[in-house]
Amino acid sequence: MNDDSQVQAGPEAGSQPLLLQAEHVQLYFPIKYGVLVDRTVGVVHAVDDVSLSLPEGQTLGIVGESGCGKSTLARCMVRLLEPTGGTMRFRGRDITHLGRRPLQPFRREVQLVFQDPSSSLNPRKRVGQIVGTPLQLQGVGRDAARARVRELLDRVGLNPEHVNRFPHEFSGGQRQRIGVARALAVNPKLIVLDEPVSALDVSVQAQVINLLDDLQDDLGLSYVFIAHDLSVVRHVSDQIAVMYLGKLMELSPSAELYRKPIHPYTQALLSAIPIPDPQENRARERQVIAGEPPNPISPPSGCRFHTRCPWATKVCSEVEPPLAEYPGGHLAACHHPRNVSPAEISAAARSPLSPLSSGQLMPGGEQASASGPEESSESQVTARTGGAVDAPDEEP
Ligand SMILES: Nc1ncnc2c1ncn2[C@@H]1O[C@H](COP(=O)(O)OP(=O)(O)OP(=O)(O)O)[C@@H](O)[C@H]1O
Ligand code: SF4
Ligand SMILES: [Mg+2]
């Protein structure tokens, strides 16, 4: 990675030192085929040139549809996967290609909590062994480890007396608490939570989120919190990254994103969240994203969302939009941004977090403004007339 392409900070970095930085991170999975000799016949563009950063003590939410690359990015962050391009930094140190031994100190500082507590906990081990194993690996003595396990169980709201129970003797929410206790055992600085509450009932989700919140306050933890939908990450995130088909579509301070979503994909995700008031819920305008996500082996040209976007024009399929910087530390990659004034569009600068493959064309630029909605691509016209997409009344 050359110096020009280094990414120093995200929109919410402020004065906090950066704990984690992804700089143009790319993970392509090779597709192998062959009887005697495996040949690479293609690649899955799971994560494609994503740049963002996480300041210490903060939470970064990552959302997007299934298959958009959230877990792959998470695994690159904790270095369970080695990126095929770009740079991962932890406390400023390049960890992208570190081997097993040099990674050991990093492994203690970063932990991963998985979505499904039942499959991530060994069913044949007692809770005490599950939570205590990371301590033993660190060389903590038996008695000290036993005391620490009880303390950890208590800390996550479980009865320390249940130390000899097996995972199946706990409820789903309690099993996720065990997963959190295991992650906390090594005193990490960062916990990457990959859909930690998706498998839980709504009321239990709230309890686990409250627990994570308290732990963050008490222990000064930083989180990367992955979820399918924006309702879950709303109250826990300082900044939110919206991903689509391996790309970063929008990156914004949390409150700003909900108040003023700029990217059409984010707008559609937000409109899918039910509002508690049934009348208000019925009255509001829904934007349903038509169709299935395109194949990540051969993603669409230009803006990857153009095959499903109600605002797509010709330029969208030809030029990949860069991430433009709008007021409030709000970044979005769209040729026809929503919820921003013409003055804000003309003042927007190209963010250094923009993918290297994106064009120089800024929203409101010559080509973008020349391609009106009348020139919409064929796929878009189909979506509009087919009734699958309730496009907003306003035209781009
Ligand atoms: N080991 C692998 N080999 C090949 N392709 C993979 C591999 N792991 C993931 N993929 C592909 O990479 C893309 C991103 O997958 P990923 O699991 O990161 O998505 P996700 O956003 O976490 O989805 P979900 O919300 O369903 O968990 C998908 O197209 C997936 O099929
Ligand atoms: S308007 Fe164009 S650039 Fe913006 S999201 Fe839609 S397709 Fe992408
Ligand atoms: Mg996933």
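Scope of this entry: the structure provided in the associated data block. Computed from a predicted model, the values in this text were never measured in an experiment. (Residues numbered from 1 in each chain as written. Chains lettered and ligands numbered in written order. Predicted model: local features only at pLDDT ≥ 70, side-chain atom pairs only at ≥ 80, totals over all residues.)

1. Side note on the overall build of the protein
A count of helical and extended segments in the protein gives 15 helices and 13 strands. Expressed as a percentage of the 396 residues in the protein, the buried residues total 44%. Within the protein, contacts between residues separated by at least 24 positions form 68% of all contacts whose residues are at least 6 apart in sequence. (Helix = DSSP H or I, 4+ residues; strand = E, 2+ residues; numbered from the N terminus. Buried ≥ 20, exposed ≤ 12 C-beta atoms within 10 Å, placed from the backbone. Contact = placed C-beta atoms within 7 Å.)

2. Points about the site of ligand 2
Around ligand 2 sit 13 residues, and of these Cys303, His306, Cys309, Cys316 and Cys334 come closest. A per-class count over the shell around ligand 2 returns nine nonpolar, four polar and no charged. (Near = placed C-beta within 6 Å. Nonpolar A, V, L, I, M, F, W, Y, C, P; charged D, E, K, R; others polar.)

3. Brief notes about the nonpolar core
Within soluble globular proteins, side chains that are nonpolar generally end up buried alongside one another. Within the largest apolar cluster, 96 residues are counted, with the highest numbers of intra-cluster contacts made by Met77, Val192 and Val224. Ranked by residue count, the leading element in this core is strand 1 (residues 18-33), at six residues. Built from parts of two domains, this core gets at least three residues from each of domain 1 (11-254) and domain 2 (261-386). The contacts of Val224, once residues within four sequence positions are left out, are Leu54, Leu60, Ile62, Ala74, Met77, Val192 and Leu193. (Core = buried A, V, L, I, M, F, W, Y, C linked by C-beta atoms within 7 Å. Domains from an automatic or database assignment.)

4. Remarks on unusual backbone geometry
Of note, Asp49 is a non-glycine position whose phi angle comes to about 65°, a positive value. Here Asp49 shows up in strand 2 (residues 39-55). Despite not being glycine, Asn339 has its phi angle at roughly 60°, a positive value. Relative to the helices and strands, Asn339 resides in the loop between strand 12 (330-332) and helix 13 (342-347). Owing to 15 C-beta atoms within 10 Å, Asn339 belongs among the partly exposed residues under this scheme.

5. Description of the site of ligand 1
Taken together, 13 residues form the shell around ligand 1, and within it Phe29, Ala46, Ser66, Ser71 and Thr72 come nearest. Going through the elements one at a time, strand 2 and helix 1 (70-77) are the ones with two or more residues in the shell around ligand 1. Split into classes, the residues belonging to the shell around ligand 1 amount to five nonpolar, seven polar and one charged.

6. A word on helix 7 (residues 202-219)
For helix 7, spanning 18 residues, the distance from its first C-alpha to its last is 26 Å, which sits close to the expected 26 Å at 1.5 Å a residue. Once helix 7 ends, the next one or two residues include Gly220, with phi positive near 65°. (Expected span 1.5 Å × (residues − 1).)

7. Some remarks on the sheet that holds strand 5 (residues 93-94)
The strands making up a sheet are joined through hydrogen bonds of the backbone, oriented either antiparallel or parallel. Judged by pairing direction, the sheet is antiparallel, and its four strands sit side by side in the order 2-1-4-5 without closing on themselves. With partners counted over all chains shown, the strands left at the sheet margins are strand 2 and strand 5, one partner each. Here strand 4 (residues 85-90) pairs with strand 5 via two bridges, running antiparallel. Following the sheet pairing, Phe90 is matched in strand 5 by Arg93. (Pairing = 2+ DSSP bridges.)

8. Thoughts on the sheet that holds strand 13 (residues 349-350)
Reading across the sheet, the nine strands line up as 6-7-8-3-9-10-12-11-13 and stay open at both edges, with mixed pairing between neighbours. Each of the sheet's edge strands pairs with one partner strand only, and the pair in question is strand 6 (110-113) and strand 13. Two elements, strand 3 (residues 59-63) and strand 9 (residues 239-244), share four bridges in a ladder whose sense is parallel. Residue Gly61 lies in a different strand from strand 9, and its bridge partner there is Ile240.

9. Some words on the pairing of strand 2
When strand 1 meets strand 2, the two strands line up antiparallel, connected through twelve bridges. Bridged to Lys32 within strand 2 is Thr40.

10. Considering the packing of helix 6 (residues 172-184) against helix 7
With their axes 10 Å apart at the nearest point, helix 6 and helix 7 run at an angle of 20° to one another. As summarised for this structure, helix 6 and helix 7 are arranged roughly parallel, according to the angle between their axes. Classified by chirality, the crossing of helix 7 by helix 6 is right-handed. Of the residues in helix 7, those touching helix 6 at Gly172, Gly173, Gln176, Arg177 and Val180 are Val204, Gln207, Val208 and Leu211. (Axes fitted to C-alpha atoms, helices over the stretch in contact; angles between N-to-C directions. Parallel < 35°, antiparallel > 145°, perpendicular 65-115°, else oblique. Left-handed = near helix turned anticlockwise from the far one by under 90°.)

11. With respect to the environment of Ser203
With respect to the helices and strands, the residue Ser203 is situated in helix 7. In this structure, the C-alpha to C-alpha distance between Ser203 and Gly173, residues 30 residues apart in sequence, is 9.7 Å.

12. Quick word on the environment of Arg100
Secondary-structure assignment places Arg100 in helix 2 (residues 100-109). For Arg100, a count of 8 C-beta atoms within 10 Å puts it in the exposed group. Through-space distance from the C-alpha of Arg100 to that of Arg79 is 9.9 Å; in sequence the pair is 21 residues apart.

13. Concerning the pairing of strand 3
The buried fraction of strand 3 amounts to five of the five residues, a majority that puts the element mostly inside the structure. The alternating pattern of strand 3 places Thr59, Gly61 and Val63 on one face and Leu60 and Ile62 on the opposite face, and all of these are buried. As defined by bridge partners, strand 3 adjoins strand 8 (residues 222-227) across five bridges and the pair is classed as parallel. Of the residues in strand 8, the one forming a bridge with Thr59 is Tyr223.

This is a description of form; function is not addressed.
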